[in-house]
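Examination of the molecular architecture
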Amino acid sequence: MAGTERLKVNLVQGENRVQTVVKGQIEVPEAKPDVEKILSKTADAKVRNVSVVPNKVIVEGTLSIQVTYVAFKPDQSVHSFDDDLNFTTYVDVPGAEPGDDYFVQFTVEDVSLTTSRRNPRKFDVAAVLSTFAKITQVDEMEILTETPAGNVALETADLTVEHLIGDKETKQIIVSDVFEVPEEKPEVEKILKVKAEAVITDKRLVANKVIVDGEVRLQILYVAFEPRQSVHDLHHTIRFSAFVEVPDAQPGMNVHVLAEVEAADVEPVIDPALRADVIIKLTVFVSETRTLHDVPTLLKNEEGYTKRKLKVDREIGAGDTQVVLRESIAVPESKPDIMKVLDAIVDHAEITDTKILKGKVIIRGYVNVEIVYVSTEPDQAVHALHQQLNFRTFVIIEDAKPGMDVDVTVEPEFVSADQVGVDVHTEVVLSVSATVTEMIQQDVYVPEEVVPTVTPTETPCPPIDYVVRAGDTLGKIAAAHRVTVPMILELNPQITNPDVIEVGQVIKIPCPAMG
């Protein structure tokens, strides 16, 4: 028999991309002043829930919008607020079935805000999103790897796939922390909103186990415990480590980890501390890259084999680079001068454009930095200003080519802000990673299963007991039961004369299947 190899692969059932228009209304929180002029706005879309139905993927998402504005008040101070809009959209994906695995991604292409005619504190939102959905299904198949004896391979090709080790494994973990409100922030009276994002920072394989390191990044909006009950926000990061058991996983294999925040709760405990509890769902895939050479893709004689179209994603390569951003800006006129910078954080990072050239990926994006400082005002009030830093970089991936797919992530590694005269000098270090993949479609042959022919065997039924009635003879009894007299005599050796039987006598009658 010709050589075969059993592969367990993630087959692509289908994919599609559609445009989604999200419309709704956001409102300035009650504790914030009215808006005179919007300075900037950013938007990000996250997946909340996905349902796969026949030939369609239904996606529930949340559009988060952050607005920085000049307040309608004498000092024209700069404020910011954020709000969420929930929405539902769908993507037609022929071949999708309930239970299939999925990958869904939103890209915000444009967002506009228009002041409501009825209420100047409300804004009508219109956002254009690109929604991408891919449906996959794990399948095991025995692939023909050699040309069968006496046959001819008209075409062959090398095949590189990711062979899945074991099954997709999931695990729920709880990440908790008790932390203090930063000194420059007022104490918390009431939590208004909590946003949590789980980021995987490292993953490694040991025998039969995947070790996962990550961070939970919290953004907490709250009402301050002070007379004017102003609204503030603070950021906090919780590091975590966990493991997921994957039988047969070994060091050197490829590991893919997805982290999804299922619930996040923050509440005040002992002043001025907060307690955070975050539930995270970890999903782990382990695979091994296998390359099969000269796989028959077209046989002269296909008898005994079934041709299948293999559609899988193949990783072409991955790479990363470091980006250093330095920029000085003047404090906006609407803001008081700086006495002392207290803190600087990256509160948003966005990839705006990617382009694959031969051997490299060009990446454009921006980061928003929030700078918290003590002002030179008599009361030395704490203020915040926002700065957007744009960047353009590239990542070398030798086998990358135009037309392939790319996934890019950007993570802040360092951020600082210093007062330089009347200006603020900001420095940010980013880690930018890119992974290039390509969906390959290749014909392969799978040996047809030979179903053995089974000849049914008759199973004799057991004989039955019969009570002789008046007027019965063995001939009548045999005819009534579709058997013969000799068959009855064979089961009843006590009958010595076939012409003599007695009323009430019990004799055994064979069933017809015994005849």
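**Side note on the overall build of the protein**
Per the secondary structure count, the protein includes 2 helices and 21 strands. For the protein, the C-alpha radius of gyration of 36 Å lies well beyond 24 Å, the compact-globule estimate for 515 residues. On the principal axes, the C-alpha backbone points of the protein span a range of 135 × 60 × 50 Å. The buried share of the protein, reckoned over its 515 residues, is 42%. A separation threshold of at least 6 residues defines the contact pool for the protein, and within that pool the share at least 24 residues apart is 76%.

**Description of the pattern of salt bridges**
With the rule as written, the count across this model stands at 30 salt bridges. With its nearest N and O atoms 2.7 Å apart, the salt bridge here joins Asp167 to Lys8. One end of the pair, Asp167, is in the loop between strand S7 (153–164) and strand S8 (169–180); the other, Lys8, is in strand S1 (residues 4–27), with 159 residues separating them in the sequence. A network of salt bridges, in which partner residues are shared, links Asp82, Asp83, Asp84, Lys193 and Lys195.

**Observations regarding the nonpolar core**
Grouped together as the largest cluster of nonpolar side chains are 33 residues, with contacts concentrated most on Val210, Val216, Leu218, Leu274, Ile280, Val284 and Val286. At the level of secondary structure, the elements contributing two or more residues to this core comprise S8, strand S9 (188–206), strand S10 (209–224), strand S11 (231–245), strand S12 (254–268) and strand S13 (273–299). In this structure Val286 touches His163, Leu164, Ile165, Leu205, Val210, Val246, Ala249, Met253, Asn254 and Val255, once residues within four positions along its chain are discounted.

**Remarks on the environment of Ile165**
With respect to the element layout, Ile165 can be found in the loop between S7 and S8. A residue is classified by how much of its surface remains accessible, and Ile165, at 9% relative accessible area, is buried.

**Looking at the confidence of the model for the protein**
With 96% of its residues at a pLDDT of 70 or more, the protein has an overall mean of 89. Highest mean pLDDT in the protein belongs to S8 (94); lowest belongs to helix H1 (residues 474–480) (86).

**Topic: the sheet that holds strand S15 (residues 338–357)**
Judged by pairing direction, the sheet is antiparallel, and its 3 strands sit side by side in the order S15-S16-S17 without closing on themselves. Of all the strands in the sheet, the pair left with one neighbour each is S15 and strand S17 (382–396). Between one strand axis and the next, the sheet turns by 15° as a mean value, whatever way the strands run. Pairing between S15 and strand S16 (residues 360–375): 16 bridges, direction antiparallel. Bridge assignment links Ile351 to a residue of S16, and that residue is Gly365.

**Let's talk about unusual backbone geometry**
Here Asn55, not a glycine, exhibits a phi torsion of approximately 65°, which is positive. Residue Asn55 is classed as partly exposed on the basis of its relative accessible area, which comes to 40%. Despite not being glycine, Asp248 shows a phi value in the positive range, around 75°. Among the structural elements, Asp248 can be located in the loop between S11 and S12. Residue classification places Asp248 among the exposed positions, given a relative accessible area of 54%.

**Here we look at the packing of aromatic side chains**
Following the criterion strictly, the structure yields 3 aromatic pairs and no others. Where Tyr69 meets Phe81, the ring centres are 5.9 Å apart and the plane angle is 70°; that geometry is what we call edge-to-face. Residue Tyr69 is found in strand S3 (residues 56–71), and its partner Phe81 is found in strand S4 (residues 78–92); the two are separated by 12 residues along the sequence. Assigned by exposure class, Tyr69 and Phe81 land together as buried. Seen from the ring of Phe243, Lys171 lies directly overhead, with NZ or CZ sitting 3.9 Å from the centre.

**Overview of the sheet that holds S11**
On the basis of which strands lie adjacent, the open sheet formed by 3 strands has the order S9-S10-S11 and antiparallel pairing. Either end of the sheet is taken by a strand with one partner, and the two such strands are S9 and S11. Geometrically, the sheet is characterised by an average inter-axis angle of 15° between neighbouring strands, direction not taken into account. Examined bridge by bridge, S9 and S10 share 16 bridges and lie antiparallel to one another. Within S10, the residue paired with Ile191 across the bridge is Tyr222.

**What about the environment of His293?**
If you trace the backbone, His293 turns up in strand S13. A distance of 3.5 Å separates a polar atom in the side chain of His293 from a polar atom in the side chain of Asp158.

**A look at a nonpolar patch on the surface**
A cluster of nonpolar residues, Val178, Val269 and Ile270, forms a patch on the protein surface that exposes about 280 Å² of accessible area. Relative to the helices and strands, Ile270 resides in the loop between S12 and S13.

**Side note on the environment of Ile329**
Here Ile329 lies in strand S14 (residues 305–330). According to the relative accessible area criterion, Ile329 is buried, its value standing at 19%. Note: C-alpha distance between Ile329 and Gln19 (310 residues apart in sequence) is 37 Å. Discounting residues that sit within four places of it in the chain, Ile329 has contacts with Leu385, Gln387, Asp423 and Val424.

**Considerations on the pairing of strand S6 (residues 122–144)**
Two strands pair when backbone bridges link them, and S1 and S6 are joined in this way by 23 bridges, in the antiparallel orientation. Paired with Arg17 across the strands is Phe132, a residue of S6. As defined by bridge partners, strand S5 (residues 101–115) adjoins S6 across 14 bridges and the pair is classed as antiparallel. Each residue of the ladder has a partner; that of Gln105, found in S6, is Phe132. Taken together, S5 and the strand that follows it, S6, pair antiparallel across an intervening segment of 6 residues.

What counts and what doesn't
- Residues numbered from 1 in each chain as written.
- Predicted model: local features only at pLDDT ≥ 70, side-chain atom pairs only at ≥ 80, totals over all residues.
- Heavy atoms only, no water.
- Helix = DSSP H or I, 4+ residues; strand = E, 2+ residues; numbered from the N terminus.
- Rg over C-alpha atoms; globule rule 2.2 N^0.38 Å.
- Buried < 20%, exposed > 50% of the residue type's maximum accessible area, 1.4 Å probe, protein only.
- Contact = heavy atoms within 4.5 Å.
- Salt bridge = Lys/Arg side-chain N within 4 Å of Asp/Glu carboxyl O.
- Core = buried A, V, L, I, M, F, W, Y, C linked by side-chain atoms within 4.5 Å.
- pLDDT = per-residue confidence, 0-100.
- Pairing = 2+ DSSP bridges.
- Axes fitted to C-alpha atoms, helices over the stretch in contact; angles between N-to-C directions.
- Phe/Tyr/Trp six-rings, centres within 6.5 Å; stacked < 30°, edge-to-face > 60°.
- Lys NZ or Arg CZ within 6 Å of the ring centre and 35° of its normal.
- Polar contact = N/O pair within 3.5 Å; in protein donor to acceptor, adjacent residues only side chain to side chain.
- Patch = residues over 30% accessible without salt bridge, like charges linked within 9 Å, V, L, I, M, F, W, Y side chains within 5 Å.
- Areas by Shrake-Rupley, 256 points an atom, 1.4 Å probe, with all protein chains shown as cover.

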